[in-house]
Amino acid sequence: MKRSERPPLSASAYADQSYYIQIQRNLNAQFEVDHDRKRRFMIMTYGCQMNEHDSEKLMGMLGEMGYEEALTKEDADLIIFNTCCVRENAELRVYGNLGALKPLKKKNPDLRIVVCGCMMQQPHVVEEIKQKYSHVSLVFGTHNLHQFPHLLSQSYTSSHLLVDVWDSEGEVIEGLPVARKVGIKAFVNITYGCNNFCTYCIVPYTRGRERSRTPESIVREIEGLVRDGAKEVTLLGQNVNSYGKGLKPLAESTGAGFEQVLNFPALLERVSQIEGLKRIRFMTSHPKDISEALIEVMARCENVCESLHLPVQSGSDRVLKAMNRHYTKGQYLDLLELARRRIPGLSVTTDIIVGFPGETEEDHEETMDLIEKAQYDSAFTFMYSIRTGTPAAEREDQVPEDVKHARFDRMLKRMNEIVIEKNKAHVGKTYEVMIENEGKEGEGTLIGRTRHNHLVAFEGPSAWTGSFALVKITRAKNFSLVGEVVEVL
Ligand code: 5AD
Ligand code: SF4
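Residues numbered from 1 in each chain as written. Chains lettered and ligands numbered in written order. Predicted model: local features only at pLDDT ≥ 70, side-chain atom pairs only at ≥ 80, totals over all residues. Heavy atoms only, no water.

Looking at the assigned domains, one finds that the protein chain contains domain 1 (15-164), domain 2 (185-247 + 257-424) and domain 3 (430-488). Each of domain 1 and domain 2 has a C-alpha centre, and the two are 30 Å apart. Across the boundary between the two partners, domain 1 contributes 17 residues, which contact 19 residues of domain 2. Carbon and sulfur atoms supply 55% of the area buried between domain 1 and domain 2, which totals about 1,600 Å² over both sides. A per-residue breakdown of the area domain 1 buries against domain 2 is headed by Q49, M50 and R87, which together make up 36% of the total. Taken together, the links from domain 1 to domain 2 amount to 2 salt bridges. With a shortest N-O distance of 3.0 Å, R207 and D54 are connected by a salt bridge. Counting the contacts that link domain 1 with domain 2 gives 9 residue pairs in polar contact (both at pLDDT 80 or more). Per element, the largest residue contribution to the side of domain 1 that touches domain 2 is 6 residues, and it comes from helix α2 (residues 49-64). For the side of domain 1 that touches domain 2, the class distribution of residues is 4 nonpolar, 8 polar and 5 charged. (Domains from an automatic or database assignment. Contact = heavy atoms within 4.5 Å. Buried area = accessible area lost by both parts, 1.4 Å probe. Salt bridge = Lys/Arg side-chain N within 4 Å of Asp/Glu carboxyl O. Polar contact = N/O pair within 3.5 Å; in protein donor to acceptor, adjacent residues only side chain to side chain. Helix = DSSP H or I, 4+ residues; strand = E, 2+ residues; numbered from the N terminus. Nonpolar A, V, L, I, M, F, W, Y, C, P; charged D, E, K, R; others polar.)

See below:
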């Protein structure tokens, strides 16, 4: 296996790929002549928004190489698994789905199967793939995503599994093409990696140290997106609130005002000034790093949405300490109160882990109490899952599976009741909705989101997609709202 300690990288490293892109284009042109169709790919994405966005980059590169998207796995010449290692069940699904491709590969030996993403940053996973999944053609990691054209070209010339995973991150790579599925909504990375080392979490080990993109490159990318029709952007990072750490102030002013943009509130304010950008969201926020300055920018900037994803993880101070989260339940709730006071109607979502090692019934009660007080608009609840290599995995006091399940069920039940109650409170109110897509029922039905990120279904022609409308909420369903259009804006 090739593992380099610190890869030699320059920020323009993607430019070095142009040679391999051209090779692939030529091969694909020949393929099209021979088969009367383009080579087709399918990407299976697991995990978070960060991975979804990495898949958009893979799709962008595949587009440059002359591939088109397949509708089914059976139609594909290239199947890519972009994997996630944050919890065990995502990993198990990857293994299951990879195994299920064996017959397809047998039927079509030309099929290329590629596995990438965070899971591959763990040596024991790569070992498992080598041992048990010999039908895989190529494995690479998160740090050399930009090398995909080169790696793919290499893998086509070999019948053996090619593995290239870099141990550590290099500089931020700019200039990767991105194929975004929904034109009006876009995700934009602002930081990569994480320095927080929450004791349950594998991300700092697989995504590397925290790096920030420069404000110039972020703003230029968003300006380009807006020119191409985007109306909403979500700024992405494992912990957006530590944006700017390690960025060097510009020695001289360029006249563009970027020299002041060295922290997240300043970046958010600068992004909010981009003409034509209607909505800005961001995720994820670590409660320990949210500043009053951020809350003020959210309150002040009209196009920053009233929506905050603020993972709490636990309501027990003891567990929070053992998780290395650096805040208490009281501090978290005070922060929520301040944010809700300054930003009327703010919607708050969270992540919660039940069954962290050593969690007692009393600790669980504290989390149950926290959710009563926090009144979340929606929440993701997870059962703690052991991640090899993290401190919590080493603990002897793991919570038994049946106890974890019981706590999870109790948490989910109460959380759902709270969320449904909160949803009901929207009935009769009118909200601005950005119309995103046709609804599940097809022609004549639409779905969109409020500024608070609530999903709303209503009737209307698909020609309205991409517009904004005032929608009156008529009914609350468990996880979404139903409404009728009052006015198209
Ligand atoms: N077990 C369960 N949930 C986890 N998360 C991260 N690591 C683990 C783990 N080992 C959850 C956290 C985080 C979300 C993305 O995944 O709640 O916020
Ligand atoms: Fe993981 Fe904590 Fe970093 Fe989030 S902040 S990615 S939970 S280590």
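More follows now that the structure is in view.
Below, the discussion takes up the pattern of salt bridges. Side chains that differ in sign of charge can pair as their charged atoms come close. A full pass over the atoms with the stated rule returns 31 salt bridges. Residue R281 pairs with E232 through a salt bridge whose shortest N-O separation is 3.1 Å. Here E232 lies in strand β10 (residues 232-236) and R281 lies in strand β11 (residues 279-283), a separation of 49 residues in the sequence. There is no split in this pair, since R281 and E232 are both buried. Of the charged contacts in the structure, one is a salt bridge between E432 and R279, with a shortest N-O distance of 3.0 Å. Taken as a pair, E432 in strand β15 (residues 430-438) and R279 in strand β11 lie far apart in primary sequence, 153 residues in all. For E432, a relative accessible area of 27% corresponds to the partly exposed category. The network of salt bridges with shared partners includes K329, E366, D369 and K373. (Buried < 20%, exposed > 50% of the residue type's maximum accessible area, 1.4 Å probe, protein only.)

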